[in-house]
Amino acid sequence: MVQYSSETEIAAAIDALVAVPTLLIALDFDGTLAPEVDDPLDARALPEAQEQLVRMLELADTRVALISGRALDSLEHVAHLPSHVLFGGSHGLEYRLDEGDSVLPMSAENTAALERLDALLHELADSAEGSWVELKPAGRALHLRMMTLEDAERLHAEAVARVAAEIPGLTTRFGKNIVEFAIHDSHKGDAIDRLREYVGADAIFFAGDDTTDEDAIAVLGENDLGVRVGDAPSAARLRVAGTREIAALLMVLADRRAAVVSARTN
Ligand SMILES: [Mg+2]
């Protein structure tokens, strides 16, 4: 059975993290801050977690970022955070920084591949009750959450096989109840690297609940702290059970970072 980190382990790891001059606090959204829901646009962070994010957004030398597979607009819709939050959207493909948005340019070949992908996934979704296709800036996601496990597994396998055969060269990402195909091979580790540099962070906190979050956890260094939500295999230093535990952890993080920042300015 998987072991969750104890309160003592969490407090010790956070104490070792927060003393740096500049700290970046980066979080996955769905399944980490927000409980899973059927319609992605209805997802909201737990109020206890939201409160701690807002607190940390006000701290000096401390930046807060959301790193998600969602497109920027979708992330903004669900986040409800002040404008100085940073976003890494579409698995590290696009960013909302203080200067505004940056997205990768698309070639004519990319656009044609996306059109073929769109048609193929809609054909599959139309044939399977409960599945639907989400439009992403550089790809499409096939959602399987409303299906029975057996039907979801069958559709998942068919989508992966047909996309590989008919539109080769796309990047495939496997998540919970979702499979995504994209024309760029960016991942959440790219988002961590980009935001580390942008913020000038001396250390990073990151928490996530899905396979794609392991790419972010993999690029963390020894001064950073990674947290995995749930019981799947992970390289993260800490592990907690769910969104409630993340909210509790964020309260400790906000308290300890606030103490460090206020001791420095007084
Ligand atoms: Mg997630």
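Just so you know, these numbers come straight off a predicted model, no measurement behind them. (Residues numbered from 1 in each chain as written. Predicted model: local features only at pLDDT ≥ 70, side-chain atom pairs only at ≥ 80, totals over all residues. Heavy atoms only, no water.)

Enquirer: Any chance you could explain the overall build of the protein here in plain terms?
Expert: A tally of regular secondary structure across the protein gives eight helices and twelve strands. Principal-axis analysis of the C-alpha atoms gives the protein an extent of 60 × 45 × 30 Å. The buried share among the 266 residues of the protein stands at 52%. Nonlocal contacts in the protein, meaning residues at least 24 apart in sequence, comprise 59% of its contacts between residues at least 6 apart. Carbon and sulfur atoms provide 52% of the accessible area of the protein, an area that totals close to 12,300 Å². Separation between the mean location of the 23 positive side-chain charges and that of the 47 negative ones in the protein comes to 3 Å. (Helix = DSSP H or I, 4+ residues; strand = E, 2+ residues; numbered from the N terminus. Buried < 20%, exposed > 50% of the residue type's maximum accessible area, 1.4 Å probe, protein only. Contact = heavy atoms within 4.5 Å. Areas by Shrake-Rupley, 256 points an atom, 1.4 Å probe, with all protein chains shown as cover. Lys, Arg positive; Asp, Glu negative; His and termini not counted. Charge placed at Lys NZ, Arg CZ, Asp CG, Glu CD.)

Enquirer: Teacher, can you tell me more about the sheet that holds strand 7 (residues 139-143) here?
Expert: Think of a sheet as strands paired side by side through backbone hydrogen bonds, with each pair either parallel or antiparallel. Here we have four strands laid out as an open sheet, ordered 6-7-9-8, and antiparallel in their pairing. The strands lining the two open edges of the sheet, one partner per strand, are strand 6 (132-136) and strand 8 (171-175). Each adjacent strand pair in this sheet contributes to an overall mean axis angle of 20°, direction not counted. In this sheet, strand 9 (residues 178-182) lies alongside strand 8 in antiparallel orientation, the contact comprising five bridges. Within the sheet, the bridge partner assigned to arginine 173 lies in strand 9 and is glutamate 180. On the sheet, helix 4 (residues 108-126) packs against strand 6, strand 7 and strand 9 and is oriented at approximately 10° with respect to strand 7. Its contacts with the sheet put helix 5 (residues 149-166) on strand 7, strand 8 and strand 9, and the angle it makes with strand 9 is roughly 10°. (Pairing = 2+ DSSP bridges. Axes fitted to C-alpha atoms, helices over the stretch in contact; angles between N-to-C directions.)

Enquirer: Please clarify how the side chain of arginine 257 should be interpreted in this entry.
Expert: Relative to the helices and strands, arginine 257 is located in helix 8 (residues 243-265). Nearest to the buried, unbridged arginine 257 among oppositely charged side chains is aspartate 61, at 5.4 Å. Within the structure, the side chain of arginine 257 is placed 2.6 Å from the backbone oxygen of valine 18, a separation counted as a polar contact. Excluding residues that lie within four positions of it along the chain, arginine 257 makes contacts with Val18, Ala19, Val20, Pro21, Thr22, Leu23, Leu59, Ala60, Asp61, Thr62 and Arg264. (Salt bridge = Lys/Arg side-chain N within 4 Å of Asp/Glu carboxyl O. Polar contact = N/O pair within 3.5 Å; in protein donor to acceptor, adjacent residues only side chain to side chain.)

Enquirer: Would you take a moment to explain the nonpolar core for this structure?
Expert: Within soluble globular proteins, side chains that are nonpolar tend to cluster in buried spots. Of all hydrophobic cores here, the largest spans 43 residues; its most connected members are Leu33, Phe205 and Leu250. Counting residues per element, this core draws most heavily on helix 8, which supplies six residues. Other than its neighbours up to four places away in sequence, leucine 250 contacts Leu27, Leu33, Ala49, Gln52, Leu53, Met56 and Phe205. Core analysis: the next-biggest nonpolar cluster, separate from the first, contains 23 residues, Val133, Leu142, Leu155 and Val163 among them. (Core = buried A, V, L, I, M, F, W, Y, C linked by side-chain atoms within 4.5 Å.)

Enquirer: What exactly am I supposed to notice about the sheet that holds strand 5 (residues 100-102) here?
Expert: A sheet is described by the order of its strands in space; here eight strands give the open sequence 5-4-3-2-1-10-11-12, paired in mixed fashion. The outermost strands of the open sheet, each flanked by one partner alone, are strand 5 and strand 12 (238-240). Shown here is a sheet whose adjacent strand axes are inclined to one another by a mean of 15°, direction ignored. In the sheet, strand 11 (residues 225-229) pairs with strand 12 via three bridges, with the strands oriented parallel.

Enquirer: Explain the coordination of the magnesium ion to me, please; I cannot follow it from the model alone.
Expert: In a perfect tetrahedron of four donors around a metal, the angles come out at 109.5 degrees. In a perfect octahedron of six, they are 90 or 180 degrees. The magnesium ion binds to the protein through Asp28 (OD), Asp30 (O) and Asp209 (OD), with metal-donor distances spanning 2.1 to 2.2 Å. Binding-site remark: the magnesium ion is held by donors from one chain whose sequence spacing is D-x1-D-x178-D. Here aspartate 209 lies in the loop between strand 10 (203-208) and helix 7 (213-218) and aspartate 28 lies in the loop between strand 1 (23-27) and helix 2 (47-57), a separation of 181 residues in the sequence. The same class applies to aspartate 28 as to aspartate 209, namely buried. (Donors = N, O, S within 2.8 Å, 3.2 Å for Na, K, Ca; no water.)

Enquirer: Honestly, the environment of arginine 70 in this entry has me stumped. Any pointers?
Expert: Locating arginine 70 in the fold gives a position in the loop between strand 2 (62-67) and helix 3 (72-79). Note on arginine 70: relative accessible area 5%, which makes it buried. The residues contacting arginine 70, other than those within four sequence positions of it, are Phe29, Asp30, Pro40, Ala43, Leu75, Val78, Gly89, Ser90, Glu94 and Lys136. One polar contact links arginine 70 to aspartate 30, side chain to side chain, over a distance of 2.7 Å.

Enquirer: Quick question: what am I supposed to make of helix 1 (residues 7-18) here?
Expert: Residues lying three or four places apart along an α-helix face the same way, a consequence of the helix completing one turn every 3.6 residues. For helix 1, with twelve residues, the first-to-last C-alpha span of 16 Å sits near the 16 Å given by 1.5 Å per residue. Here helix 1 has its buried residues at Ile10, Ala11, Ala13, Ile14, Leu17 and Val18. Down the axis, helix 1 shows its buried residues gathered within 165° of arc, on one side only. For helix 1, the exposed residues set more than 90 degrees away from the buried face come down to Thr8 and Ala16. The inward-facing, buried residues of helix 1 abut strand 1, strand 10, strand 11, strand 12 and helix 8. (Expected span 1.5 Å × (residues − 1). Arc of directions from axis to C-beta.)

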